Amino acid sequence: MNAQARQSAIAAGVLLTGGGVVLAALQMSSDAGYAGVGPNFVPLVVGGLLALCGLGQLREAFTGGWRDMEQPPGADRGDWVGFAWVSAGLCVNALLITRIGFVLGCALCFVLAVRGLRWSRGARGLRVRQLAADLALGLAISAPVFWMFGQGLGIALPAITSTGWL
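Presented here is a report on the structure given in the accompanying data block. None of these values were measured; they are calculated from a predicted model.

### Some thoughts on the state of the cysteines
Line of reasoning, step 1. With the rule as written, the count across this model stands at zero disulfides.
Line of reasoning, step 2. We note that cysteine 91 lacks a disulfide partner, and the nearest cysteine sulfur, in cysteine 109, lies 9.3 Å from it.

The following block contains the structure:
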């Protein structure tokens, strides 16, 4: 299979996935909920944007291929240790989110996932300062998300305390 056929197949897959998401969203109830937005709004937007991306990729494939692409960094094969770190982050989050809360669970997931990504890029040493910085960044990302869901959308995520703030 030549490069144009491979690129067209990928683009068609993205386009079909976006179309499938849109069709599935159209099957959902569109009764307006909070702020006049129904539950099918976000899937419609995501599916539509994904379909647009697929169309753009298809156009690129038929007008000369994906041009000016840099060679991706990393090894020729997947890094299984890095994959294990990222997978451990997702599994630990799934196992602990109801025990330690959304904020800490997501921050821990972030630390482990970043560790795996760094490992795959060749940074194999464990530095306490880097782990602390990753944890602080994970907390800085997950805490506002927790707050937006809880206070802005009224969706209760698992918390550490009964106050609803952590």
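### Quick notes on the nonpolar core
Line of reasoning, step 1. Counting residues in each nonpolar core, the largest one holds five residues, listed as Ile97, Phe102, Val103, Cys106 and Phe146.
Line of reasoning, step 2. With four residues, helix α3 (residues 80-120) is the largest single contributor of residues to this core.
Line of reasoning, step 3. Once residues lying within four places of it in the same chain are set aside, the contact partners of cysteine 106 are Asn93 and Ser142.

### Things to note about the packing of helix α1 (residues 3-27) against helix α2 (residues 41-62)
Line of reasoning, step 1. Direction vectors running N to C along α1 and α2 enclose 160°, while the axes themselves pass 7 Å from each other. By the criterion of interaxial angle, the relationship of α1 to α2 is roughly antiparallel. Crossing of α1 over α2 shows left-handed handedness.

### Comments concerning the packing of aromatic side chains
Line of reasoning, step 1. Under the criterion given, the structure shown has two aromatic pairs.
Line of reasoning, step 2. An angle of 25° between the planes, with centres 6.2 Å apart, marks the rings of phenylalanine 102 and phenylalanine 146 as stacked. Remark: phenylalanine 146 occurs in helix α4 (residues 128-152) and phenylalanine 102 occurs in helix α3; sequence separation between them is 44 residues. Note on accessibility: phenylalanine 102 and phenylalanine 146 belong to one class, buried.

### Regarding the environment of alanine 136
Line of reasoning, step 1. Position of alanine 136 among the secondary structure elements: in helix α4.
Line of reasoning, step 2. The sequence separation of alanine 136 and alanine 107 amounts to 29 residues, and the corresponding C-alpha distance is 7.9 Å.

Definitions and limits used
Residues numbered from 1 in each chain as written. Predicted model: local features only at pLDDT ≥ 70, side-chain atom pairs only at ≥ 80, totals over all residues. Heavy atoms only, no water. Disulfide = S-S within 2.5 Å. Core = buried A, V, L, I, M, F, W, Y, C linked by side-chain atoms within 4.5 Å. Buried < 20%, exposed > 50% of the residue type's maximum accessible area, 1.4 Å probe, protein only. Helix = DSSP H or I, 4+ residues; strand = E, 2+ residues; numbered from the N terminus. Contact = heavy atoms within 4.5 Å. Axes fitted to C-alpha atoms, helices over the stretch in contact; angles between N-to-C directions. Parallel < 35°, antiparallel > 145°, perpendicular 65-115°, else oblique. Left-handed = near helix turned anticlockwise from the far one by under 90°. Phe/Tyr/Trp six-rings, centres within 6.5 Å; stacked < 30°, edge-to-face > 60°.

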